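Chain by chain, the residues:
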Amino acid sequence: MGELIYELGEGISGGGVLTVAMTGEFTMDADFPTSREVVRRIDSFGVSIECVLFKSRDIARWDSSILTFLKDVTGHCSSRGIAWDVASMPGGIQRLLDLASAVPEREGIRKKTGDASFLSSTGQAAMDIFHGTLEMLGFIGDAFIAFLRLILGRYKIRMKMFFPIVRECSVDALPIVSLISCLVGLILAFVGAVQLVMFGAQIYVASLVGIAMIRVMGAVMVGVIMAGRTGAAFAAQLGTMEVNEEIDALKTLGISPMEFLVMPRILALAFVMPLLCLYADLMGIMGGMAVGIFMLDLNFMEYYNMTKASVNLNSFWIGIFQSFVFGILVALAGCLRGMQCRRNASAVGEAATSAVVTGIVAIVIATAVITVVCNVLGI
Amino acid sequence: MDEFIKTGNPRITVENLTMAYGTSVIQKNLDFEINQGDIFIIMGGSGCGKSTLLRHLVGLHRPSMGRVIYRDPGFPGPVSFWDAPMETRRILMKNMGILYQSGALWSSMTLAENIALPLEQFTDLNARTIRELASLKLALVGLAGFEDYYPSEISGGMKKRAGLARALALDPDALFFDEPSAGLDPVSARLLDDLILEIRESLGATVVVVTHELASIFAIGNNCVFLDPVTKTMIASGDPGHLLESSRDQRVIDFLTRGEGRGS
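Now for a description of the structure that goes with this document. (Residues numbered from 1 in each chain as written. Chains lettered and ligands numbered in written order. Predicted model: local features only at pLDDT ≥ 70, side-chain atom pairs only at ≥ 80, totals over all residues. Heavy atoms only, no water.)

**Looking at the overall build of chain B**
1) Next: Scanning chain B from N- to C-terminus turns up nine helices and ten strands.
2) Next: The globule rule puts the C-alpha radius of gyration for 264 residues at 18 Å, and the 19 Å found for chain B is close to it.
3) Next: Based on the C-alpha atoms only, the size of chain B along its principal axes is roughly 55 × 45 × 35 Å.
4) Next: Taken over 264 residues, chain B has a buried fraction of 54%.
5) Next: Across chain B, every contact between residues at least 6 apart in sequence was considered, and the portion connecting residues at least 24 apart equals 63%. (Helix = DSSP H or I, 4+ residues; strand = E, 2+ residues; numbered from the N terminus. Rg over C-alpha atoms; globule rule 2.2 N^0.38 Å. Buried < 20%, exposed > 50% of the residue type's maximum accessible area, 1.4 Å probe, protein only. Contact = heavy atoms within 4.5 Å.)

**Focus on the pairing of strand β3 (residues 49-62) of chain A**
Residues and elements named next belong to chain A.
1) Next: Where strand β2 (residues 16-26) and β3 come together, ten bridges link them in parallel fashion. Bridging from a neighbouring strand, Val20 pairs with Phe54 of β3.
2) Next: In the classification by handedness, the crossover that spans β2, the intervening helix α1 (residues 35-44) and the parallel β3 is right-handed.
3) Next: In the sheet, β3 pairs with strand β4 (residues 83-88) via four bridges, with the strands oriented parallel. By the bridge assignment, Lys55 is partnered in β4 with Ser88.
4) Next: Taken together, β3, helix α2 (residues 64-79) and β4 form a β-α-β motif whose crossover is right-handed. (Pairing = 2+ DSSP bridges. Right-handed = clockwise from strand over helix to strand, strands pointing away.)

**A word on helix α6 (residues 186-203) of chain B**
Residue and element names in this part refer to chain B.
1) Next: Taking 1.5 Å of rise per residue, the 18 residues of α6 would be expected to cover 26 Å, and the 26 Å separating its terminal C-alpha atoms lies within 8% of that figure.
2) Next: Considered for burial, the residues of α6 that qualify are Ala189, Leu192, Asp193, Leu195, Ile196, Ile199 and Arg200. For α6, the angular spread of the buried residues around the axis is 160°, confining them to a single face. With respect to the buried face of α6, the exposed residues turned more than 90 degrees away are Pro186, Val187, Arg190, Glu198, Glu201 and Ser202. (Expected span 1.5 Å × (residues − 1). Arc of directions from axis to C-beta.)

**Observations regarding the sheet that holds strand β8 (residues 206-210) of chain B**
Residue and element names in this part refer to chain B.
1) Next: Across the sheet, six strands lie side by side as β6-β7-β8-β3-β9-β10; this open sheet has mixed pairing. Bordering the open sheet on either side are β6 (96-99) and β10 (233-238), each of which pairs with just one other strand. The sheet shows a mean angle of 15° between the axes of neighbouring strands, direction not considered.
2) Next: Here strand β9 (residues 223-228) pairs with β10 via five bridges, running antiparallel. Opposite Asp228, over in β10, you have Thr233 as the bridge partner.
3) Next: Seen against the sheet, helix α1 (residues 50-57) touches β3 (39-44), β6, β7 (174-178), β8 and β9 and runs at an angle of roughly 140° to β3. (Axes fitted to C-alpha atoms, helices over the stretch in contact; angles between N-to-C directions.)

**A look at the environment of Thr257(B)**
1) Next: Within the secondary structure layout, Thr257(B) lies in the segment after α9 (250-256).
2) Next: The spacing of Thr257(B) and Met96(B) is 161 residues in sequence and 32 Å in space, taken between C-alpha atoms.

**Regarding the pattern of salt bridges**
All names here are of chain B.
1) Next: Throughout the structure, instances matching the rule amount to 20 salt bridges over all chains.
2) Next: Between Arg131 and Asp148 there is a salt bridge, with its nearest N and O atoms 3.4 Å apart. Placement of the pair is Arg131 in helix α4 (residues 127-140) and Asp148 in the loop between α4 and α5 (156-167), with a sequence separation of 17 residues.
3) Next: For Arg200, the salt bridge identified is with Glu201, shortest N-O distance 3.3 Å. (Salt bridge = Lys/Arg side-chain N within 4 Å of Asp/Glu carboxyl O.)

Below is the structure:
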């Protein structure tokens, strides 16, 4: 508990001199009058006060809260032309108050924290989207030029870098690809079976699962898995390199990060994704087959023959082509976000998150475009 | 402003350079020359744009205004960096070795591979020769035997040394150091200073150092530029020892004497 005792005396020039004696505890968890109460009290005396004296009458404990209290009250006094004095407060308090006012605030240094108006924040958002798009297009263009330079033999991909990346995004990804695509096949079969059994047409589960997996689901599921797994990893790797100035170190040695870091990653993923897609197709069909055999009493040969009869080579190639495109998109998204990473640790996390989002959005858009184009071409 | 030293033969000339991030100007109207063989110090208080200036000097940032001109032994005349074609820029950058503040070693490669990469990229040497060269550079900085260590396995001081070894990989004739003594104990910092001097002596390289270590400034620097964060421009240049004796600018005197004044 902190208490204030007010004593009004007479000053030299006729005005009042208010002595505020402070007693008790003035700490964050103690209860003492707020600065506003004191200011109100100063105003309530009726006489014009020319000076406020703060005195310690046995202050038991104090901490920063007494400083903010005094700073507030004295600031208020100064603004009204009332003199004040803390000379009889404990020495530590005086010194800290002096220290806090030693370097005056520089003009115009304070940040504007108020909310921007609706119009300006909308405009800002639009500008951000515009710049983001420009940056993305620039990156894609750079990647394309780097690819052309590779074809023309201007530089070589270092195999010592390439193969670890290939392994990281193929063999290491197999368990999760197996699990997810097998379950997707299973789910497709279940959902289809419920309807088809009503017509006694459960054999068509094989067609449903086969076509769906091979034409789109295999590629899309692998794309999404790789966006979450490898796209994020790419962004985090490049982002960390940016934070550690490793990318600058490459640039200043005349090594283009695009050729040295981005190209191997794009090529690795573009090369591996069709293979993963093929594998996912197979796992998905096996998942569907499990449902067919154990729930719908189909036998293995029946299911196999039906799948073979209903899936055509066109669907297969479309699926493989899609996964190839997804590979490029996921790698581009990951590398773009990694290279855009700002220079702090939380930026790496943001880059990884944003790589996954960008990757998945790109996959969905590409799927839609490819599907429509195939439809128009009648494939 | 103290008089510019514009004598000797300049290796790098900075002309009316303005540096900015977006719309916020970091430094403006910078004009100075770095002579062949100088140990040139970029100094100034924290946050005044020293490292940013270094990044402009090595071609990592495009100036908002002004030019950075190099007289590279590989070219007959002066070359303005950002007006030159891409290939020229690469050659210019190849001739500059940079030690970054954190070392910036490529963390996925061993020390030997770190040093070998620039060699593999720019020379046709066979793997064995490159390996030998890498070992030599590591030995030069006192890291003999550390070829197969990864950057995460060595201490901060060793990382800086390894970073220096990498900067020396292509035998550049201009070396740039970003806060070489930051994060080092006084003895290691001193040893690094000695190493910088030693390398300058033996290679005849031009050295540019960003630092605010007074001990280093007076020990190694023979020319400098002083950046001021308030007026956002350079307020002094020349020999740091000379500046300490004869500068009339209070900010420079305060900096060089840790605010204690020149004494009597």
